[in-house]
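# What the coordinates show
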Amino acid sequence: MGKIISVVNQKGGVGKTTTAVNLSAGIGKLGKKVLVIDADPQGNTTSAYGIKKQNLAHSVYDLLIGKARAELAVIKSEFKNVDVIPCNMDLAGAEVELISIDNRESQLKTALSEIRANYDFIFIDCPPSLGLITINALCASDTVLVPIQCEYFALEGLSQLLASVRQVKRLYNPTLELEGVLLTMFDGRLNLTQQVVSEVKRFFAKELFSTTIPRAVRLSEAPSYGKPIQYYDPKNKGALAYDTLSKEFIKRNRR
């Protein structure tokens, strides 16, 4: 039975999609079967895997509103061991449509139940908000992975997010746990970065990934070429960091 992980942060620009794309690619390279679900209406994960959004037969939108089975929406990517359930702008209307659907918070969980046994890991790239799409992702998930940028307001946003996760756990998904906290856009030369790291360690010593993701221009460039960083520039420091994170992630999940 595949483990489902939501990659979540209600703040934009913290490396959430970058992490969903490159961590899944790294784990696929290590021989694990991975599914990535693009649940962000911007569709950046879809583009980062080189999938055209214009002519999708099915997308995550169809799963959420019950129009199609999950297996029909799965696209086999050109990258090792990674499949994708893409999205396009149709997803932007899903929040409104879900309001009138029974069991609206568990639509994605129900859809994924048919295919989760086909994968070792399923990653859901969530939108930068805590609306019904994110709630669906959290209800479907076993764990939550939270990327946070090394900046002043990082901890404030993290505490708000975890309060929402606890609420979803209490109301809908009692087995939901924290997979880990990942520091992104890391620059060890900055005093502010060191302060954020020490604060995060105070509160999340066990959950904090030892791997950090550095600032790297190539990480920003790779999606425009429709490739994860490991395939766009495998020797780049960003690629090496996500490869290290992938190994750390798998090691944690062997316990």
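Report follows, based on the coordinates. (Residues numbered from 1 in each chain as written. Predicted model: local features only at pLDDT ≥ 70, side-chain atom pairs only at ≥ 80, totals over all residues. Heavy atoms only, no water.)

## A few points about the pairing of strand S6 (residues 143-149)
By the criterion of burial, S6 is predominantly enclosed, with 7 of the 7 residues buried. Relative to S6, strand S1 (residues 3-7) is paired through 3 bridges, and the arrangement is parallel. Looking at S6, one finds that Val-7 is bridged to Leu-145. Note that S6 and strand S7 (residues 177-184) share 7 bridges and pair parallel. Its bridge partner lying in S7, Gln-149 is registered against Thr-184. For the crossover from S6 across helix H8 (residues 154-171) to S7, the handedness is right-handed. (Buried < 20%, exposed > 50% of the residue type's maximum accessible area, 1.4 Å probe, protein only. Helix = DSSP H or I, 4+ residues; strand = E, 2+ residues; numbered from the N terminus. Pairing = 2+ DSSP bridges. Right-handed = clockwise from strand over helix to strand, strands pointing away.)

## Some details on the nonpolar core
By size, the foremost hydrophobic cluster in this structure holds 50 residues, and its most contacted members are Ile-85, Leu-112 and Ile-124. When neighbours within four sequence positions are excluded, Leu-112 is seen to be in contact with Ile-4, Ile-37, Leu-63, Ile-85, Ile-124 and Ala-140. Counting residues in each nonpolar core, the second largest holds 33 residues, with Ala-20, Leu-56, Val-82 and Ile-250 among its members. (Core = buried A, V, L, I, M, F, W, Y, C linked by side-chain atoms within 4.5 Å. Contact = heavy atoms within 4.5 Å.)

## Re the packing of helix H1 (residues 16-29) against helix H12 (residues 237-252)
At a minimum axis distance of 8 Å, the contact between H1 and H12 shows a crossing angle of 70°. In terms of orientation, H1 lies roughly perpendicular with respect to H12. Once H1 is placed against H12, the crossing between them reads as right-handed. Facing H1, whose interface residues are Thr-18, Thr-19, Asn-22, Leu-23, Gly-26, Ile-27 and Lys-29, H12 presents Tyr-242, Asp-243, Leu-245, Ser-246, Phe-249 and Ile-250. Partitioned by chemical class, the residues of the contact of H1 with H12 number 6 nonpolar, 5 polar and 2 charged. (Axes fitted to C-alpha atoms, helices over the stretch in contact; angles between N-to-C directions. Parallel < 35°, antiparallel > 145°, perpendicular 65-115°, else oblique. Left-handed = near helix turned anticlockwise from the far one by under 90°. Nonpolar A, V, L, I, M, F, W, Y, C, P; charged D, E, K, R; others polar.)

## Remarks on the packing of aromatic side chains
All chains considered together, the criterion is met by 5 aromatic pairs. Centroid distance Phe-123 to Phe-249: 5.5 Å. Interplanar angle 50°. Geometry classified as tilted. Taken as a pair, Phe-123 in strand S5 (residues 121-125) and Phe-249 in helix H12 lie far apart in primary sequence, 126 residues in all. Residue classification places Phe-123 among the buried positions, given a relative accessible area of 0%. The exposure class of Phe-249 is buried, given its relative accessible area of 0%. Here Tyr-225 and Tyr-232 contribute two aromatic rings whose centre-to-centre distance is 4.9 Å and whose plane-to-plane angle is 25°, an arrangement assigned as stacked. Sitting above the plane of the Phe-209 ring, Arg-252 keeps its charged end 3.9 Å from the centroid. (Phe/Tyr/Trp six-rings, centres within 6.5 Å; stacked < 30°, edge-to-face > 60°. Lys NZ or Arg CZ within 6 Å of the ring centre and 35° of its normal.)

These figures come from the coordinates and say nothing about function on their own.
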